[in-house]
Amino acid sequence: EADEAVEPAHTAHEAVRKISCHISDKTAHLYTAVEQSLTETIEKNAPTLARRANFQKSCAIARLPPYLVVNFVRFAWRNDTQKRAKILRSISFPDVLDVYNMCTPEVQAAISAVKAELEKERDAAAGVAPVDGAPAAADSSSATLVPDEAPPVAEPAEPPTEFDCKTGRYELFGIITHQGRTADGGHYVAWVKRDAKTWLVFDDETVAEVAADRIKELYG
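The model shown is predicted, which means the values in this text are computed figures rather than measured ones.

What follows is about the overall build of the chain. Along its length, the chain carries two helices and 12 strands. Mapped in sequence order, the helices and strands of the chain form the string β-α-β-β-β-β-β-β-α-β-β-β-β-β. Across the 220 residues of the chain, 23% fall into the buried class. A separation threshold of at least 6 residues defines the contact pool for the chain, and within that pool the share at least 24 residues apart is 59%. Put simply, the chain shows about 15,900 Å² of open surface, and 53% of that area lies on carbon and sulfur atoms.

As C-alpha cells, this is what we get:
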C-alpha cells in the first residue's frame, strides 16, 4: 500500500498581543509552561490529503516588544459540571524572565550581540583588558534549543524599532489577579512594583503598600 501524501511545511508570521501560559497537572513554573506552549498539535484542513488532519505547530518569538504580557490560562471547561472552572494550581514566576530560548535564531543573534557589547562596556568600566582569542564565558541564558537545521522563519510584519527589547530579559513590574473560583464572577486586583522592597496593591479605590515577598502568595 502506498504511503499517504505528506503535507508540506508552512511558515507564517502571526501578530499576538500576549503569550499564554497553559496550566496542566505537571505545570510548576511559568517559564516551562510558556516554553511548552510554543509547540502544540492542531487540527486543520490538509489540501494535499483532501481532509482534516493533525499538524505539529511550532512557534518562536520573532520580535521582542518593550512590554511583555503573559496570560495565565486559569479557566478550563469541566464536562461534569458543564461550566468553566478555575485552576488553582500554584505556578511560580520569576522576577526577571529571560526569553532567549523562545526566540528565532535571528533574534537570538541580535541578543547575543547586545550582550557581548554590554560585557565589553562593563569590562572597560572595570579596567579589565580584553584578551584576543579568548572564548566567551559560559552563560546558561545563552544556551539555545533551536536545532542546527532550524526551519525558515517568516519575516516580521513590521521591522524592529528602538523601543524593542534588546536583551530578551523582562523585569516583573505589574500583575493582575482574579479573586474568586468561577469565571462568571469574582473581583480583579492590580499589583504594581514600587521598588525592590515594596509593591502597591490597587483594589478599587483602595491603594495599599505591601512587602515584595507578598508577590509569592499570588503563585496559586
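Resuming the write-up.
Pairing within the open sheet is antiparallel, and its four strands lie in the order E9-E10-E11-E12. Sheet topology places strand E9 (174-179) and strand E12 (206-211) at the edges, where each strand pairs with a single neighbour. Within this sheet the neighbouring strands show an average axis-to-axis angle of 25°, counted without direction. Pairing of E9 with strand E10 (residues 187-193) involves six bridges; the strand directions are antiparallel. Each residue of the ladder has a partner; that of His-178, found in E10, is Tyr-188.

Turning our attention to the confidence of the model for the chain. Keep in mind that low pLDDT regions are not for reading the predicted coordinates in detail. Residues with a pLDDT of 70 or more make up 83% of the chain, whose mean pLDDT is 81. Contacts for the low-pLDDT stretch residues 134-157, under 50 throughout, to residues beyond four places or in other chains number 26 contacts.

If you look at the biggest cluster of nonpolar residues, it comprises 29 residues, and the most contacted ones within it are Leu-64, Phe-93, Val-99, Ile-175, Trp-191 and Ile-215. Of all the secondary-structure elements, those providing two or more residues to this core are strand E1 (19-22), helix H1 (30-37), helix H2 (105-126), E10 and strand E11 (198-203). The leading source of residues in this core is H1, at four residues. Ignoring sequence-local partners within four residues, the contact set of Trp-191 consists of Phe-173, Gly-174, Ile-175, Thr-177, Trp-199, Leu-200, Val-201, Val-210, Arg-214, Ile-215 and Leu-218.

Now for unusual backbone geometry. Of note, the phi angle at Ala-50 is positive, near 60°, even though the residue is not glycine. Mapped onto the elements of the fold, Ala-50 is located in the loop between strand E2 (39-46) and strand E3 (51-58). Overall, Ala-50 belongs to the exposed group, its relative accessible area being 67%. Residue Asp-204 is not a glycine yet carries a positive backbone phi of 55°. Mapping Asp-204 onto the fold places it in the loop between E11 and E12.

Within the fold, Asp-213 resides in the segment after E12. Asp-213 sits in the exposed class, given a relative accessible area of 58%. The spatial distance from the C-alpha of Asp-213 to the C-alpha of Thr-198 is 8.4 Å, given a sequence separation of 15 residues.

Another aspect to go through is the packing of aromatic side chains. Tallying each qualifying case throughout the model produces three aromatic pairs. Relative to Phe-173, the ring of Tyr-67 has its centre 5.9 Å away and its plane inclined at 55°; by these criteria the two rings are tilted. Of the two residues, Tyr-67 sits in the loop between E3 and strand E4 (70-73) while Phe-173 sits in the loop between strand E8 (169-171) and E9, which places them 106 residues apart along the sequence. Overall, Tyr-67 belongs to the exposed group, its relative accessible area being 60%. Centre to centre, the rings of Phe-93 and Tyr-219 are 4.9 Å apart; their planes meet at 75°, and the pair counts as edge-to-face.

Bridge analysis of E2 against E3 gives eight bridges, and the strand direction is antiparallel. Across the sheet, the residue bridging to Ile-42 is Phe-55, located in E3.

So, about the pattern of salt bridges. As enumerated under the stated definition, the model contains eight salt bridges in all. The closest approach of N and O atoms between Lys-57 and Glu-14, which form a salt bridge, is 3.4 Å. With a gap of 43 residues between them, Lys-57 in strand E3 and Glu-14 in the segment before E1 connect regions that are remote in the sequence. Between Asp-98 and Lys-115 there is a salt bridge, with the nearest N and O atoms lying 3.8 Å from each other. A residue pair is termed long-range when its members are at least 10 positions apart, and Asp-98 in strand E7 (residues 96-98) and Lys-115 in helix H2 qualify at 17 residues. In terms of burial, Asp-98 and Lys-115 fall into one category: buried. Connected through shared salt-bridge partners, Asp-98, Lys-115 and Arg-169 make up one network.

The rules behind each value
- Residues numbered from 1 in each chain as written.
- Predicted model: local features only at pLDDT ≥ 70, side-chain atom pairs only at ≥ 80, totals over all residues.
- Heavy atoms only, no water.
- Helix = DSSP H or I, 4+ residues; strand = E, 2+ residues; numbered from the N terminus.
- Buried < 20%, exposed > 50% of the residue type's maximum accessible area, 1.4 Å probe, protein only.
- Contact = heavy atoms within 4.5 Å.
- Areas by Shrake-Rupley, 256 points an atom, 1.4 Å probe, with all protein chains shown as cover.
- Pairing = 2+ DSSP bridges.
- Axes fitted to C-alpha atoms, helices over the stretch in contact; angles between N-to-C directions.
- pLDDT = per-residue confidence, 0-100.
- Core = buried A, V, L, I, M, F, W, Y, C linked by side-chain atoms within 4.5 Å.
- Phe/Tyr/Trp six-rings, centres within 6.5 Å; stacked < 30°, edge-to-face > 60°.
- Salt bridge = Lys/Arg side-chain N within 4 Å of Asp/Glu carboxyl O.

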